[in-house]
Amino acid sequence: MKKAVLGMCALASVAIVPSQAGARTAPGTQGSPFFWQSASTCFSSTAGIENSCTSTQYWQMPVLWDSATGPNKTILVAGTVSSGGSLSCTYAGFASSGAIVTEQNFPAFPAGNSQQSITVTSVPAGSFAFVFCAVSPNTSSVIVGLDYFPQ
Amino acid sequence: MKAIWISGAALGVTGALALATLVGRGHRAHLERAAGLEESASSADTMAALVDQMGRMRGELELLRAQQAAAGVRPAQPPAAGGVSAPDRSAARDDPPATPRSAADAQAETFRYVKHADQVLAAEPKDKTWGDARDLPRRVEGVLPSGSNLESVSCGTTLCRVETTHATLSAYRTFTRSMSFWPKPGDTEIKTFWPGPTAFLVVSDPGGETDAVRAVAYLARPGSNLPSAP
């Protein structure tokens, strides 16, 4: 009897867990080179995006918001930095006029695998957004992907 | 004569009752036909028809909810069967849509945010030790395109507000690019104009490229966030 009650409680608790509406994940491979000329020569993908050239290259990833300014939104970038490498990312939003509407840096990525996040408070309706990252050369860092969701 | 009148009246009442019965049956039969529930159908068919009808009604209800959500009205969430609350999937529907309902709505949203952010800033004490804030007017002047003007700069403890005017939308676009980092080939690191989060809002309503623009930018101190929406 006790097991049955516990089972029903567990079932009820599963049933009332709110779903994370509007949450999205995107692998780094869903992005593209910021400068198209580096498309075929610098970037390669294993379990993420690496820069095999000898100079820093920029990779951009679209952010598809389901809602405008209202609830704060969290964006999280997962990446790996090897010894001597670096990875730095920025979120930018721009209006249909082409004017920038928001910009925000992610915290610096330390060595090793980590996830860095920012909170975005301003997403004007009708604006577009993406995250771009400076990827260090010689495959010394990897962009794994993005997670983003309203809070 | 009286007997004839009574007989006639009785006949009339009987006829009226018969007619009412017929009409009632006809109406009920019409309803049943409309619901796809023919009396002659087997109970299995009736059940299938009921399930089908319920499905259609649920679909209509969902459509109505979606329309209400689009109109900014939050519909009541009925409890799920068994008395357990349904998972709250309404959050995204209640959020403002990513695409503007209209230009007027988008402008109203901008004004709401500006008013709120101004209140946040007004409640903050000044921090005279904040170097980035002290240098801000000079730095903004340095990136203003010709024909643009710095109207005001004010800073609190965690937030600065910069109001500018621009001769054209194109000039404003140039200004926002100057206030942000846009990679150029050969850039080896991300160097933003301002180290913290920034938001740029147009408070006038430029109709076209050649119209003047009045804009407000909010710049949050590194480690702080911009004000949340009211």
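Residues numbered from 1 in each chain as written. Chains lettered and ligands numbered in written order. Predicted model: local features only at pLDDT ≥ 70, side-chain atom pairs only at ≥ 80, totals over all residues.

1. A closer look at helix α5 (residues 131–143) of chain B
Residue and element names in this part refer to chain B.
At step 1: Here α5 contains 13 residues, and its C-alpha end-to-end distance of 19 Å stays within 8% of the 18 Å for a straight helix at 1.5 Å per residue.
At step 2: The largest bend in α5 amounts to roughly 40° and is located at P137.
At step 3: Tucked inside the fold, the buried residues of α5 contact β1 (149–155) and β2 (159–166). (Helix = DSSP H or I, 4+ residues; strand = E, 2+ residues; numbered from the N terminus. Expected span 1.5 Å × (residues − 1). Bend = angle between axes of the 7 residues up to and from the residue. Contact = placed C-beta atoms within 7 Å.)

2. Notes on the environment of Y58(A)
At step 1: Structurally, Y58(A) can be placed in strand β5 (residues 57–63).
At step 2: Those residues in contact with Y58(A), other than ones at most four positions away along the chain, are F34(A), F35(A), F132(A), C133(A), A134(A) and P183(B).

3. Quick look at the sheet that holds β5(A)
At step 1: Pairing is antiparallel in the open sheet, where nine strands are placed in the order β2(A)-β5(A)-β10(A)-β7(A)-β8(A)-β3(B)-β4(B)-β2(B)-β1(B). Strands at the two margins of the open sheet, each flanked by one partner only, are β2 (32–33) of chain A together with β1 of chain B.
At step 2: Bridge count between strand β7 (residues 87–94) of chain A and strand β10 (residues 128–135) of chain A: eight bridges; the pairing is antiparallel. Directly across from F94(A), in β10(A), lies its bridge partner F128(A).
At step 3: Across the sheet, α5(B) is in contact with β1 and β2 of chain B; its angle to β1(B) comes to roughly 170°. (Pairing = 2+ DSSP bridges. Axes fitted to C-alpha atoms, helices over the stretch in contact; angles between N-to-C directions.)

4. Looking at the interface of chain B and chain A
At step 1: The partner chain A presents 41 residues to the 39 residues of chain B that form the contact.
At step 2: Of all the elements, helix α6 (residues 169–178) of chain B adds the most residues to the side of chain B that touches chain A, at five residues.
At step 3: Tallied by class, residues from the side of chain B that touches chain A come to 22 nonpolar, 10 polar and seven charged. (Nonpolar A, V, L, I, M, F, W, Y, C, P; charged D, E, K, R; others polar.)

5. Remarks on the nonpolar core
At step 1: One finds W59(A), V131(A), C133(A), A217(B) and Y218(B) to be the most contacted residues of the largest nonpolar core, which totals 65 residues.
At step 2: If you tally residues by element for this core, the top one is strand β4 (residues 213–220) of chain B, at seven residues.
At step 3: For Y218(B), the residues in contact, after removing those within four places along its chain, are A117(B), L159(B), R161(B), T198(B), A199(B) and L226(B). (Core = buried A, V, L, I, M, F, W, Y, C linked by C-beta atoms within 7 Å. Buried ≥ 20, exposed ≤ 12 C-beta atoms within 10 Å, placed from the backbone.)

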